[in-house]
Amino acid sequence: AQSVAQPEDQVNVAEGNPLTVKCTYSVSGNPYLFWYVQYPNRGLQFLLKYITGDNLVKGSYGFEAEFNKSQTSFHLKKPSALVSDSALYFCAVRDDSGYALNFGKGTSLLVTP
Amino acid sequence: GAGVSQSPRYKVAKRGQDVALRCDPISGHVSLFWYQQALGQGPEFLTYFQNEAQLDKSGLPSDRFFAERPEGSVSTLKIQRTQQEDSAVYLCASSVRQGPSMEAFFGQGTRLTVV
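Since the model is a prediction, treat every value here as computed from it, not as a measurement.

## A short note on the pairing of strand β3 (residues 19-24) of chain B
All names here are of chain B. Going residue by residue along β3, you find V19, L21 and C23 tucked away on one face and A20, R22 and D24 left uncovered on the opposite face. Where strand β1 (residues 5-7) meets β3, three bridges bridge the pair, whose relative direction is antiparallel. Pairing of Q6 across the sheet is with C23, part of β3. Where β3 and strand β8 (residues 75-79) come together, five bridges link them in antiparallel fashion. Counterpart to R22 in the pairing with β8 is T76.

This is the structure in structure tokens:
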């Protein structure tokens with residue numbers, strides 16, 4: 001079985017400050033981890049993924065994510081938040097035995113000017 | 001456009017009616033997924049195709065749900081005898097890759113409302 005937990009329903013941050021959106025996962029095999037963003041009235045957009053190798057993964061729009069095996073976490077980060085980053089963020093996991101991508105319930109990010 | 005296209009964008013069905021939702025994946029994409037997203041929740045996996053083969057249908061909630069991709073491109077998700085709990089956004093996604101590392105590119109979804 002595989003699952004993802006996003007412990008925060010909402011994260012608020014001021015523009016220009018660093019942001020972190022938290023994600024922890026549970027898989028029985030090797031984890032393949034993904035972050036997606038969903039803007040209002042738009043589809044889910046792929047941001048980045050972790051397969052293997054470097055624990056710090058860089059993605060689109062200046063986002064990065066840090067994989068921590070011992071803590072089973074894959075937190076999304078950005079050094080300096082923009083108002084336009086305000087959206088719904090989903091963490092997802094797949095293991096190496098299946099096809100299904102299992103999503104968390106999402107975290108709403110609000111960046112204020 | 002070059003993205004995943006879904007139609008219709010919105011569908012209102014009377015309870016008991018059959019519906020068909022269409023997905024046009026990105027050209028050349030081998031993998032195709034269907035997901036169901038209820039309000040305020042993350043997407044839930046329904047089924048997976050690799051070309052025309054349906055390799056995983058473990059997420060289909062009942063035998064009223066049926067998906068096909070006969071020529072390995074366009075896919076249709078059919079729901080028979082719709083019920084109110086079927087109301088959700090149905091998302092289609094495709095990937096050029098196969099295997100666990102594949103990232104999927106999503107369409108905007110079809111919002112189904114059963115009344």
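Next comes the rest of the account.
## So, the sheet that holds β3(B)
Residues and elements named next belong to chain B. Read across the sheet, four strands follow the order β1-β3-β8-β7 without closing on themselves; strand pairing throughout is antiparallel. What marks the edges here is a single partner per strand, and that holds for β1 and β7 (65-68). When the angles between neighbouring strand axes are averaged without regard to direction, this sheet yields 15°.

## Details of the packing of aromatic side chains
What characterises a pair of aromatic rings is the spacing of the ring centres plus the angle enclosed by the ring planes. Residue and element names in this part refer to chain A. One pass over the full model with this rule turns up 17 aromatic pairs over all chains. Ring geometry for Y25 against F67: centres 6.1 Å apart, planes inclined by 20°, an arrangement best described as stacked. In this pair, Y25 is assigned in strand β4 (residues 24-26) and F67 in strand β8 (residues 64-68), connecting sequence segments 42 residues apart. When the ring of F90 is compared with that of F103, the centres are 6.3 Å apart and the planes differ by 85°; the resulting orientation is edge-to-face. Taken together, the residues span a long stretch of sequence, with F90 in strand β10 (residues 87-95) and F103 in strand β11 (residues 102-103) at a distance of 13 residues. Residues F90 and F103 agree in their burial class; the two are buried.

## Quick look at unusual backbone geometry
Backbone phi values are negative for most residues with the exception of glycine, while trans is the configuration of most peptide bonds. Cis geometry is adopted by the peptide bond preceding B:P8, which originates at B:S7 and carries an omega value of -10°. Relative to the helices and strands, B:P8 is located in the loop between β1 and β2 (10-13). Notably, A:Y61 is not glycine yet its phi reads approximately 60°, a positive angle. When you line up the elements, A:Y61 lands in the loop between β7 (56-58) and β8. Positive phi is not limited to glycine here, since A:T72 has a value of about 45°. With respect to the helices and strands, A:T72 occurs in the loop between β8 and β9 (73-78).

## Comments concerning the interface of chain B and chain A
As a measure of interface size, the accessible area lost when the parts come together is often cited. Across the contact, 23 residues belong to chain B and 21 residues belong to chain A. Taking both sides of the interface into account, the surface hidden between chain B and chain A amounts to around 1,700 Å²; carbon and sulfur atoms contribute 59%. Across the chain B-chain A interface, the total number found is one salt bridge. At the surface where chain B touches chain A, the tally comes to seven residue pairs in polar contact (both at pLDDT 80 or more). Of all the secondary-structure elements, those providing two or more residues to the side of chain B that touches chain A are β4 (31-37), β5 (44-50), β6 (53-56) and β10 (105-106) of chain B. For the side of chain B that touches chain A, the element with the most residues is β4(B), which contributes three residues.

So, how was this worked out
Residues numbered from 1 in each chain as written. Chains lettered and ligands numbered in written order. Predicted model: local features only at pLDDT ≥ 70, side-chain atom pairs only at ≥ 80, totals over all residues. Heavy atoms only, no water. Buried < 20%, exposed > 50% of the residue type's maximum accessible area, 1.4 Å probe, protein only. Helix = DSSP H or I, 4+ residues; strand = E, 2+ residues; numbered from the N terminus. Pairing = 2+ DSSP bridges. Axes fitted to C-alpha atoms, helices over the stretch in contact; angles between N-to-C directions. Phe/Tyr/Trp six-rings, centres within 6.5 Å; stacked < 30°, edge-to-face > 60°. Contact = heavy atoms within 4.5 Å. Buried area = accessible area lost by both parts, 1.4 Å probe. Salt bridge = Lys/Arg side-chain N within 4 Å of Asp/Glu carboxyl O. Polar contact = N/O pair within 3.5 Å; in protein donor to acceptor, adjacent residues only side chain to side chain.

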